[in-house]
Structures are given as C-alpha cells and as structure tokens.
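# Understanding the architecture of this molecule
Residue-level listing of the chains:
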Amino acid sequence: MGTLTQSQRQLAWVFDLNKCIGCQTCSVACKVLWPGEDPGTETMWWMTVNTQPGRGMPRDWESMGGGYADGKLQLGRRPSAEEIGGGWDFNYDEVLRGGRGRDAYLHVTSGNSTWGMNWDEDEGGGRYPNSYFFYLPRLCAHCTRPACVEACPHDAIFKREDDGLVLINETSCRGDGACIEACPYKKIDFNALRGVSQKCIGCFPRIDHGVAPACVRQCPGRAAFVGFLDDESSAVHKLVRQWNVAIPLHPEFGVEPNVYYVPPLAPGPIKPDGSLDENGSRIPLEYLESQFGAAVHTALATLKAELDKRRRGESSQLLDTLILYQWKEALGHLERDPADIDWRSEATKGGRS
Amino acid sequence: MSTNITRRGFLKASGAGVAVLALSSFHLSHGAAPAYAAAPKAVEYQGWKDVFRQKWTWDSVAHCSHTRANCISACAWNVYVKDGIAWREEQAQAYNEARGGAPDFFPRGCQKGASYSDLMAAPTRLRYPLQRVGERGGGKWKRIGWDEALSTIADKMIDIAVEHGSEAIVYDQGTTNIDFGPGTAAELRMVHLMRVSHIEDWAGVGDMPMGCVQTWGMFNCEGTTDDWFNSDCIVVWSGNPVYTRIPEMHFMTEARYKGAKLIVIAPDLNATSIHADLWINPRVESDPALGLSMAQVMISEDLIDHDYVREQSDLPFLVRKDNGRFLRESDFKRKGRDNAFYLWDENKSKVVLAPGTEGMRKASLALGSIKPALEGSFSVKLADGSLVEVETVFSVLRRDLDRDYTPEKAAEISGVHPAVIRRAAREIAAAGSAMIFASWGACKHYHSDLMHRTMALLMALTGNQGKSGGGLRMAAWWQISGFEQLGGVYEIKWWQNALLKFIGRPPVREIEKLITQHSDADMFTPLMPWLYVHAGYDKTMGKAEYNDGIPGMSTGEALDKSLERGWVPVYPRPGVDPKMLFFSAPNPLRRWPTPQVAREHLWPKLDLIVNVNFRMSTTSRWCDILLPAAGYYEKASIKYAQNYLPYLVIADKAVEPLG
C-alpha cells in the first residue's frame, strides 16, 4: 500500500457553476495540451464538463465506489471501455476519397459509439417546464486524502510537497489499476498500450514556471479560479475559506478533494397554472445536497443574501470576487503569461520536483 | 449588367483580377511577434516528468486568430509552433484594460478555437488541388497541379463568358470564408472585375433584422459587449448566448452579480435559461403577442418614459382618422412635403411640424419649446378647407393594445401566465437601464419583423434605446475604413463626399440609391429568389400548403410578382441558365434549405463547380475542382468583430500551408 506524505501547501481549484457555460473550452484545452490522441490516450479526457443530473463520464461514475468509508479505503470498480466511450475515428478515406461517395456514409470505425465524454449534454432532470440542469466541470481533485495513493501497491502515486498536486510516477506504475478502483471520482484513466495509469497532472510543468493550469487560464466563462488555499490574497482562499460559498463535490467520499464549486442558482419553478412559485427551488434542494452535502444550504443562502444586497445598491466583496473585474485575480500567484517564456533562456526542467 | 465580351477582352479583365488577388498576401506584421529561428534541440528524457515538460515547450509563438471563420467574436490567440508545426494554441493576453468600470475582456476564445490546430491537420483537410474523376459526388479525385487547375478553370470561365455572358458564372462567398479584411476585399474586387453573378450572403443566411430596418431605417443596434455589464435588466429573447457568444457571455453572468436581473424568454429550458432569474416560456412563435402585452402593461400602468417617447419616437405623431395615414405637410399645401409630419403642441394648442423627420432640413429631434401631446383627438383644417379628425399614434396604439393584448388575452396566445407578463413588464420598466439581447437568431423566424418591432417598441416606451446598458441588441455590421475602396464595392465619388460634407448627413433615400446602384452593378442576387428561379425551388416555395396565407398569396406567387415588376434582381436573369458555380468556402449543400432540390435541379445545369476550401465539406464532395485554401494559422490577416468589440486582431502567419 502506498504511503501518503502530506504537503506543506495545497493548490486548489474553484469553479463557479453560475458562470460555467458548459462550453468545454477547458476540456479541449487540456485534451490538446496533454493526453492528445496518441495511441493509448484516444479516449482520455482529464478535464470534462458534464450536465447534472446526468450519467456523466465514465457513465454512472457516481455509483462506482471508491474513497473512504468509516476511515477505511474502499475499492470500487473500474469503468469499462464502453462506459468511457469516445475515441472515435471515421471512414473518411472511404467516403471522401475512396470512390464510394454516393453509397458510403460516414460511420465510426474505431472507439465506442454508445457513450462519450459529454454524451448526455443538456438533458438534465425534472419535467418540463420544471426541468433543470447545471454544468459540472471535473478534473482530478488532487485530494488531501487521496485514496489512489493508499491503494497503489507500488507506491507510485505521491503528493508534491510544496503544492499538494497528486501525481502518478509512470516509471514506478505497473498498471495494476488499484488507483482507478479507489478513486471515487473516477478521474484516473488507463493507458492500455503503455500499461500505466494516467490522469490530470495539474499542469505541473506550467505551474513550475508560474503559469496557471490550462483549464483555468483558458476558461472564457471566467468561471475557474486557482490558487493556494492558505494564500489570503487568492480568490480561491476568499471563496473557500472566507465566504464558504465554494464547497466540494461529494464530500461523503471522504478524500477531501481540492476542487470546489460555487453551487448553482436557477430560475424559480412554474406552478401548474403557469404562475411563478416564488418560494420553490427549481433544482430540488435534496438533489443539491446529494451532490455537495449539507454545506450547500449555507453556500446558497450566502450567495442569495449578497445578491439581494447588491440589488439594493449595497456593495458586496463576495460578488466582486466572483465578477472578477481583473481576470488575473482568478489565477492566484500563477499569473505569468506563457507567451513570455523564451525556452532558450529558461530551463526546460522545472526547479522543483 | 452582364458583360458580353471577347476572349481577348476577358483575359485582360481577369489579369487585373489576379493582380488584385495578390493583395491577399499583404503581410501585416505584428510588432511583438517573436521571430527567432529555433535551433534543433535534443529532447532529454530523464524520467516521466520530462516527457510532460518537453511537451510544453515551443520554438516560437505567433499571434493569430481564426481569421476567415464565420464567427463574430474575433479572439486573439497565441499559436505555439514547434518543429514548424502549429502544435497548440492558447488565448492571448492581448487586450487593453477594462473600460468604464466593466470587467476586462480576458480570456477570449472557445473550444473551437482551442482545437483548430488539430482541425487544421484533420483527415478532411485539403492539401492540393483535386479534380473529380468519374461522376459528381462519387468521391474519386485526381491530384492536379496549380497551373493545370487554374488553366482549366480560366479556360472554362472564358468559354462560358463568351458563349453565355459572364452572368452565367455565379460566385457565392457565403459567410464562411469572409473576414472583411484584406483577403475578402481582394476576393470581392476580383468578382467585381470579372462581372459575374454574385449571391448576396446576408439574405442567404437570413441575418437581416427586417423589423429594425422598418422601425429605424437601419439595422445597426448593438454596442460593444462590455456594455452589457452596465445593464440593470438583461432580457435574452430568442437567442442563446451561452452557445453562440461564448467569449462574451461572462459580461451577462457578471452583470447579474453586479445586481442586474437576467430574464430569458425562450420556449426551451436552454443553456442560457438555466442562468436566468426569471425564465419565461412562451409557445413557439408567440413572442409578438407576449411583447405587445408587456407594452400594454407599461402603458396602462403608466410605466413609460414620457420625455423620451415624446422626443425620440413617432408615438406623438398625428394620424388622420379618415384614411389612417400620417398627417403631412402635403395635406395642407399643394406642394407640401409628403415626408414632413405633425405633432399637436400642447403649449400652442395647434399642430406643428415634427422636428428631425426626413422632410425637415435640420437633423435633430430636439423639441425646443414644443410640448407634443401624447394622447388625444384633434380637428384640423386641410388645404381644401375640409376638417379632419386626427389622433396620435400613441392613442391608436393604446386602443389596439387594450383591445387585443391585455395580459389575459396574450396568455391565451402565448401560454404565459398574466402575472408573469405583468412582472416582466414592471421589471423591465423599473430598471435604470434595460436591454433586449436578440441577436441574429431573432432574424430567422417567419414574420420575425413583428418580433423585432415589438422589441423596439418596448425599448422605446421605457426610454432604453440608445442608452448605455439598454436597448435592443440585435445586429451590427461595420467594415474597417478603406475596405469598400479596396474591394471596389462601394464607390463614393468625390462629389458625393463633398455633398455629404455640405449637407451634414446623407438623406436615407440617397443611401438606398447608392446601395441599389452598387448591387445592380455587381449583379448581386439574393439567395432565395435565385434558388427559386434557377435551382428548382419553385417546386417547394410555390406550394400553397407551405404558406400561412397572411400576405394573401403563396411565397411563389409573391416572388413571381416581384420578378415580373423588377423589384428583385436575379442574376443570371431568368431565361439564362447558370453554367458555373464558384464557391469561396461556404457549404451551401448544408446551409441552403432542401439542398437535395438544388442537387436535382441546379447541378445538372452546371458545366463546372469550383470550391476554394480548406476542407472536404459536404459541398466539396459535389464539386468538380477543389482548390485548397490556407488554414487560419497559415496566412496573415485581420479579424474584427464589427462593433461588438473595441479592437481588431492583426494575425500573423504561424506556419506554412500544408501540402
């Protein structure tokens, strides 16, 4: 079993679900930068955005198990290739250049065509007109108590000492996949070609050069924040520690994740006669509680109270932080522009391990 | 008009076209572009970490954008180049500071931009000129050289021009491959000089906000998008900006955090509705009734901005009760103007000419000492001595709304509860500034002019049109200065310029005349009538059952009538068949309605179909010769977003074109 060395500081992510527009720019930015479409990584999406309620990716991941229960490591199950889906290729040559343009049609020639990274987009739950949904961006939560670390029989997963990123040492990894079973968020992939587990690396090469992770820095909805939890000047600290409006997903998994969410508001429900139900909640509160735990109630109450203040013409530090007048404030200490890096004068290898 | 010319004459003309085409290779260098040549580096693999570290290195960074994409967002990107390949892209930190208290513009760009490096090298990419082998659409091609491709096309064009007239050659740029930068200007100039038929792209995609044109005589009614943040009430109506305005949407979610109400009017609970404070779900296409009932609430509860309405709208204009027309100067004087209208001045208790209308010399709406009556009936004596009763437009409007569009009546039409209609009307009226975001999607409905006019009415009643953070936001289109001259599109003569300077503003009818002259000279032809005449669409549009009968005739009958009377120009003129289609990257067999009809009826008439495109699209598959275009990162250009953004992007060439 792997050993956990705690970190001195912890980097954390915050996603504001009231600003997330589900555009998948973060997912694509990550895909193009890291896993790409190399052999073995075709179906990998280290960053994903799914519509909740929904089955997500891997399909029905929320019920696959993992994490901790009563302080004990739980090994859940590994998602199948079919539950991950994607990795599609098409018969382009046949249709476009192969002389069968009139009788051949594009179809999937490889990969799984019954599921994919964003298969149930915008479906959501409830019944029209009181249907509801919200977008949920997910990446490895770089947990404070990562189940994957403990589960690894080869001690191949570790937490970086100075920022708490959870990384898989691909040299030590033997591809047992215990980490995949242990991760309750099912955010670890398996590279069958190389026989190693792979997952979000927290953009460590960028972080080592003072540049924010791609999912945060490339978010056009300006819904993503990154920074040290103990850095009082960071937006992440203000939202998580000071205002308690950013809360973890499925805290009951017991892994103390470091990805936090500002929970979603929604327009009020409509009564059967068409009038507005002023006191109702379109997204059932029990559903929100099943996602974010009991803390969702205070987070939403704080958010609504601050919105009311703002509409009365008063100021709100919380909402100013979420508005993000200066985009750089979302990036914490990682505000360097990568285009400024000149690799002739900058060591390719980061100074830190 | 079509030009019948000799082979020799054509060669001369097309030679000029080629010379101008070369303009598209203008290199607009970006001052900050790092241009060092990279020495080949040995990749050091010292363990798994270095594999990742090496992945995030590059030789150079180019300043790029997606310059000839049909996108109104003009985002600045940095393209990271490694070993001569555009390896990835990331939004550039290229904008100025925020303005007027709004949040800044960073980081602009979406998932499509973030994956273009991948798409540029996709299996559908065209790399060299291709000539069809075998039947059209059969998917069999032969690679040919550029010289052979261009000679084949030029020879065929000359043959067609000599035999059938140049109008039998039809050019369609669609909206896919235009950026209104130098590349587009060069292309338009070439088409202009070749004097071929030219399918008008704006009508072709149904982007024309007819209700705005009818109300204001113009369509431009959008400001820069950071101004959305200044709104106190944003009504998203028949648009879905979460999908369509990805880099700008944050100004709406952030305005909400600043205290603005976000109202979304859409039949579906879409990706924007979920962010609303109030979601209103009318039945499909019942929007005008919903809007008119909000106007009814505003008027009956006196929530309107009286000063604004008196000065800025035609609601106090007087209308004759006997014939329903505006009271005009020509009613009083034999040679009076028919475009000078009247108000009832409460100060003087008599009719006075309304300032600022087309017939008035002075281009100002300022009322001075006039206090126009908003309501009332009055008797006036006409030139022939007869008395007529007149009333204000506002009186007519109030009567009509009270009769047909109370919230209770509108609820029957729209399915929206009267209490919801009242609440929305009150919230819009109470806001310091309220805006309606409708966008281009609002132009693509049957009778959408009625939707636009309702929206314009609500914004006028509440005094919001023209205000920061307020007004109807639907469409905008400005070109950069000099584009017209470069493209040879509008030719404004020196004397016209001098005249404009002298009179201060061009009369609307003069502008209309200029545009009509230009579109006639360039053989512009609107898409749908063109398809009706040449592509077999008379088989579909002529069907009575496809028509709601409101204009009193089918679309086909209406088109026949307009063609007969010369209201709608179609080139080639009816009777002359199109012989060649020349596409500059649009995808008409995907965009045109019922493309199978075009394939059945239009395609057999064509001797040659050419597509300049960077990919094998649906249309490319049904062409004869394909010319590969450079990808967005393979050419220098300018990208700008009309007036949605306060800047333009000057894009460098990052890499050489593939192939």
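Residues numbered from 1 in each chain as written. Chains lettered and ligands numbered in written order. Predicted model: local features only at pLDDT ≥ 70, side-chain atom pairs only at ≥ 80, totals over all residues. Heavy atoms only, no water.

## Remarks on the packing of aromatic side chains
Stated formally: Classification of ring pairs rests on two measures: the distance between centres of Phe, Tyr or Trp rings, Trp counted by its six-membered ring, which must be within 6.5 Å, and the angle between planes, read as stacked under 30 degrees, edge-to-face over 60 and tilted in between. The way it works is that DSSP assigns letters per residue, a run of H or I at least four long becomes a helix, a run of E at least two long becomes a strand, and they are numbered from the N terminus. Think of it in three bands: residues with accessible area under 20% of the maximum for their type are buried, residues over 50% are exposed, and the middle band is partly exposed, with areas taken using a 1.4 Å probe on protein chains only. Two conditions define a charge located above a ring, namely a distance within 6 Å from the ring centre to NZ of Lys or CZ of Arg, and an angle within 35 degrees of the ring normal.
Counting across every chain of the model gives 42 aromatic pairs over all chains. On the numbers, 5.9 Å between centres and 80 degrees between planes, the contact of Y128 of chain A with W279 of chain B is edge-to-face. Of this pair, Y128 of chain A sits in the loop between strand 6 (108–112) and strand 7 (134–138) while W279 of chain B sits in strand 10 (residues 278–280), on two different chains. Using a relative accessible area of 3% as the deciding quantity, one classes W279 of chain B as buried. With 5.6 Å between their ring centres and 65 degrees between their planes, F317 of chain B and F326 of chain B make a pair best called edge-to-face. A network of ring pairs unites the aromatic residues F15, Y132, F134, Y261, Y287 and F292 of chain A as a single cluster. Stacked on the ring of Y80 of chain B, the Lys or Arg R88 of chain B has its end atom at 5.6 Å from the ring centre. Residue placement shows R143 of chain B over the ring face of Y128 of chain B; its charged tip is 3.8 Å from the ring centre.

## Description of helix 1 (residues 25–33) of chain A
Counting buried positions along helix 1 of chain A gives nine out of nine residues, so the element sits mostly inside the fold. Burial in helix 1 of chain A covers these residues: T25, C26, S27, V28, A29, C30, K31, V32 and L33 of chain A.

## Quick look at unusual backbone geometry
Across the junction of Q52 of chain A and P53 of chain A, the peptide omega takes the value -10 degrees, indicating a cis bond. Note that P53 of chain A resides in the loop between strand 2 (48–52) and strand 3 (68–69). Backbone torsion omega between Y128 of chain A and P129 of chain A reads 5 degrees, so that peptide bond is classified as cis. When you line up the elements, P129 of chain A lands in the loop between strand 6 and strand 7. Positioned with a positive phi, Q24 of chain A is a non-glycine residue whose angle comes to about 70 degrees. By the element assignment, Q24 of chain A lies in the loop between strand 1 (11–16) and helix 1. Positive phi is not limited to glycine here, since E285 of chain B has a value of about 70 degrees.

## Some points on the interface of chain A and chain B
We apply this condition: Residue contacts are defined here by distance: any two heavy atoms, one from each residue, within 4.5 Å place the two residues in contact. Note: buried area is the sum, over both parts, of the accessible area (probe 1.4 Å) each one loses when the two are combined. Salt-bridge detection follows one rule: a side-chain nitrogen of Lys or Arg within 4 Å of a carboxyl oxygen of Asp or Glu.
In this assembly, 90 residues from chain A lie in contact with 81 residues from chain B. For the pair chain A and chain B, the summed buried surface comes to about 7,200 Å²; carbon and sulfur atoms form 57% of the total. Per-residue buried area on chain A facing chain B is highest for R102, R311 and W343 of chain A; these three make up 10% of the total on that side. Inspection of the region where chain A meets chain B yields 10 salt bridges. Here R423 of chain B ties to E278 of chain A by a salt bridge, and the two come within 2.8 Å at their closest N and O atoms.

## What to know about the sheet that holds strand 1 (residues 60–64) of chain B
Residue and element names in this part refer to chain B. Rule in force here: What makes two strands pair is DSSP finding at least two bridges between them. Orientation is described by axes fitted as lines to C-alpha atoms, over the contacting stretch for helices, and by angles from 0 to 180 degrees between their N-to-C directions.
Overall, antiparallel pairing links the three strands, which are arranged 1-2-3 in an open sheet. A single partner strand is all that each edge strand has here, and the edge strands are strand 1 and strand 3 (85–91). Sheet twist, expressed as the mean angle between neighbouring strand axes with direction ignored, is 30 degrees. In the sheet, strand 2 (residues 77–82) pairs with strand 3 via six bridges, with the strands oriented antiparallel. Bridging from a neighbouring strand, N78 pairs with E90 of strand 3.

## What about the pattern of salt bridges?
A full pass over the atoms with the stated rule returns 56 salt bridges over all chains. K19 of chain A serves as the salt-bridge partner of E254 of chain B, at 2.6 Å between the closest nitrogen and oxygen. With E254 of chain B in helix 10 (residues 250–258) and K19 of chain A in the loop between strand 1 and helix 1, the pair connects residues from two separate chains. Both residues of the pair, E254 of chain B and K19 of chain A, count as buried.

## Focus: the environment of E427 of chain B
All names here are of chain B. Relative to the helices and strands, E427 is located in helix 15 (residues 418–430). When the C-alpha atoms of E427 and K261 are compared, they prove to be 8.3 Å apart, with 166 residues separating the residues in sequence. Those residues in contact with E427 that lie beyond four places of it in its chain are C233, K261, I263 and L278.

## Describing the packing of helix 20 (residues 527–534) of chain B against helix 22 (residues 555–564) of chain B
Residue and element names in this part refer to chain B. Just so we agree on the cut-off: When an angle is under 35 degrees it counts as roughly parallel; over 145 it counts as roughly antiparallel; between 65 and 115 it counts as roughly perpendicular; any other value is oblique.
Two elements in contact, helix 20 and helix 22, have axes whose closest approach is 11 Å; the angle formed by their N-to-C orientations is 95 degrees. Here helix 20 lies roughly perpendicular to helix 22, going by the angle between them. Side by side, helix 20 and helix 22 meet where P529, Y532 and V533 of the first sit next to G556, L559, D560 and L563 of the second.

## Brief notes about the sheet that holds strand 1 of chain A
All names here are of chain A. Spatial ordering of the open sheet is given by 12-1-14-13, a layout of four strands whose pairing is mixed. Looking at the sheet topology across the chains shown, the edges are occupied by strand 12 (224–228) and strand 13 (247–248). One ladder, built from four bridges, connects strand 1 with strand 14 (residues 259–262); its direction is parallel. Paired with V14 across the bridge in strand 14 is Y260. In this fold helix 8 (residues 235–242) packs onto strand 1, strand 12 and strand 14, with an angle of close to 90 degrees to the strand it touches most, strand 12.

## Focus: the domain arrangement of chain B
Residue and element names in this part refer to chain B. Just so we agree on the cut-off: Residue ranges labeled as domains rest on an automatic or database domain assignment. Any pair of nitrogen or oxygen atoms within 3.5 Å is treated as a polar contact; in protein, a donor-acceptor pairing is required on top of that, and neighbouring residues in sequence qualify only through side-chain atoms on both sides. In this count, Pro and Cys sit with the nonpolar residues alongside Ala, Val, Leu, Ile, Met, Phe, Trp and Tyr, while Asp, Glu, Lys and Arg are called charged and the others, Gly among them, polar.
Along its sequence, chain B is carved into domain 1 (32–120 + 634–651), domain 2 (130–206 + 479–630), domain 3 (210–305 + 399–477) and domain 4 (312–397). Here the C-alpha centre of domain 3 lies 36 Å away from the C-alpha centre of domain 1. Tallying the contact residues gives 20 residues for domain 1 and 19 residues for domain 3. Per-residue buried area on domain 1 facing domain 3 is highest for P103, N643 and Y644; these three make up 37% of the total on that side. Applying the counting criterion to the domain 1 and domain 3 interface returns two salt bridges. The partner of D226 in a salt bridge is R99, and the shortest N-O contact between them spans 3.1 Å. At the surface where domain 1 touches domain 3, the tally comes to seven residue pairs in polar contact (both at pLDDT 80 or more). Across the side of domain 1 that touches domain 3, the residue classes tally to nine nonpolar, seven polar and four charged.

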